[in-house]
Amino acid sequence: MRFCILGSGSSGNSALLQTEGARVLVDAGFSARKLAGLLEAAGTSLGQIDAVFLTHEHGDHAAAVEGLRKFPHIRVFANAATARAVQAGLSHRPDWQIFETGTRFLFRDLEIQSFTVPHDAQEPVGFRFSSGREGDLFAPRRSLAYLTDLGHAPAHLHEHIRDCEVIVVEANHCPELLKADPKRPWSTKQRISGRHGHLSNEGVRALLGAVSSPRWRRIYLTHLSRDCNTPAAVEQALAEIRASLAACEFAIVGAGEGTPFYDLA
Ligand SMILES: [Zn+2]
Ligand SMILES: [Zn+2]
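Keep in mind the model is a prediction, meaning the values are calculated, not measured. (Residues numbered from 1 in each chain as written. Chains lettered and ligands numbered in written order. Predicted model: local features only at pLDDT ≥ 70, side-chain atom pairs only at ≥ 80, totals over all residues. Heavy atoms only, no water.)

**Q** Any chance you could explain the coordination of the zinc ion (ligand 2) here in plain terms?
**A** Octahedral six-donor coordination of a metal ideally yields angles of 90 or 180 degrees, compared with 109.5 degrees for tetrahedral four-donor coordination. Each protein donor to the zinc ion (ligand 2) is listed here as D60 (OD), H61 (NE2), D149 (OD) and H223 (NE2); together their distances run 2.1 to 2.3 Å. Given 4 donor atoms and angles of 89 to 157° at the metal, the environment of the zinc ion (ligand 2) is assigned as irregular. Donor residues for the zinc ion (ligand 2) sit on one chain with the sequence pattern D-H-x87-D-x73-H. Distance-wise, the zinc ion (ligand 1) is placed 3.6 Å from the zinc ion (ligand 2), both being coordinated by D149. With a gap of 162 residues between them, H61 in helix α2 (residues 59–62) and H223 in the loop between β12 (218–222) and α8 (231–244) connect regions that are remote in the sequence. Since its relative accessible area comes to 0%, H61 is described here as buried. A relative accessible area of 2% means that H223 is categorised as buried. (Donors = N, O, S within 2.8 Å, 3.2 Å for Na, K, Ca; no water. Tetrahedral: all angles 85-135°; square planar, octahedral: opposite > 155°, others 65-115°. Helix = DSSP H or I, 4+ residues; strand = E, 2+ residues; numbered from the N terminus. Buried < 20%, exposed > 50% of the residue type's maximum accessible area, 1.4 Å probe, protein only.)

Here you go:
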């Protein structure tokens, strides 16, 4: 399994996951044109993408679906509430593959588990993607958890991130920087920091600290707010947990940035 983040932050989120049998996107929150450019930089193209998995309908996660009209072979996986919300803004009908939140299903050599996350969208989810077999020398089982856009981290998330090699998790804002931000009105700040808003650096620290699994190899901190967070603030909030997880790498993805490929094998 190979993985890279194409882009992260409120201007758009998308990640690329590749196995022997599938090449999929997790979220597609850019214009299809911009997404095509990001994929080209990653050595591939929309023509080679098999499927998109949507966490929720917000534009910074689903904007490219409109532009997929020219790529009817791409299957779009979402739960019914998310699909309905996205479809309402589309001028075409993509190849929807509807799953029920909480179920486990297969796509080619990928096993996908969805689970609810608390966020102000219709039915937002996180995903765990797994591939390979336990004990297989050439294709050992590897898992990646993807959870972004969540106001807080309920305990049911623990089981979904414990046995993964890779975790992608939102570190949206630093509470002090959010409070001091002169641009956002009070109501927006309440929304962001609320139970169904976005996860703070402190929130990620608490989640990772509560599970602290020896299986973790790499953790991506994503969806950083451009104005209300900095990589340095994330670094500072996570310093202690980072020191206690010596075998795990931390990749803080700045607002608007992507990452090179990481090989999970
Ligand atoms: Zn959202
Ligand atoms: Zn978002």
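**Q** Is there a simple way to explain helix α3 (residues 80–87) in this structure?
**A** Since the α-helix advances by 3.6 residues per turn, residues separated by three or four positions end up pointing in the same direction. Along α3, the residues that are buried comprise A81, T82, A83, V86 and Q87. In this structure, the buried residues of α3 make contact with α2, β5 (75–78) and β6 (95–98). (Contact = heavy atoms within 4.5 Å.)

**Q** When you look at the nonpolar core in this model, what are you seeing that I'm missing?
**A** The tendency in soluble globular proteins is for nonpolar side chains to be buried side by side. In terms of nonpolar packing, the biggest core is built from 28 residues, with F3, F53, F129, L144 and Y220 touching the most fellow members. In terms of residue count, strand β9 (residues 125–131) provides more of this core than any other element does, 3 residues in total. Apart from residues lying up to four places away in sequence, F53 is in contact with V24, L25, V26, D27, F77, F105, F107, I112, F127 and F129. (Core = buried A, V, L, I, M, F, W, Y, C linked by side-chain atoms within 4.5 Å.)

**Q** What is the right way to read unusual backbone geometry from this model?
**A** Residues apart from glycine generally show negative phi values, whereas peptide bonds are mostly found in trans. The backbone of D27 shows a phi angle near 65°, a positive value even though the residue is not glycine. Mapping D27 onto the fold places it in strand β3 (residues 23–28). The phi dihedral of R108 is positive, around 55°, even though this residue is not glycine. Along the chain, R108 turns up in the loop between β7 (104–107) and β8 (110–116).

**Q** Got a minute to help me understand the pattern of salt bridges in this structure?
**A** The full count for this structure, using the stated rule, is 13 salt bridges. Close ionic contact of R215 with E165 constitutes a salt bridge, the shortest N to O distance being 2.8 Å. With R215 in the loop between α7 (201–211) and β12 and E165 in the loop between α4 (156–162) and β11 (166–170), the pair connects residues that are 50 residues apart, well separated along the chain. Given the relative accessible area of 28%, R215 is considered partly exposed. The buried category is assigned to E165, whose relative accessible area is 7%. A single salt-bridge network, built from bridges that share partners, covers D181, K183, R184 and D227. (Salt bridge = Lys/Arg side-chain N within 4 Å of Asp/Glu carboxyl O.)

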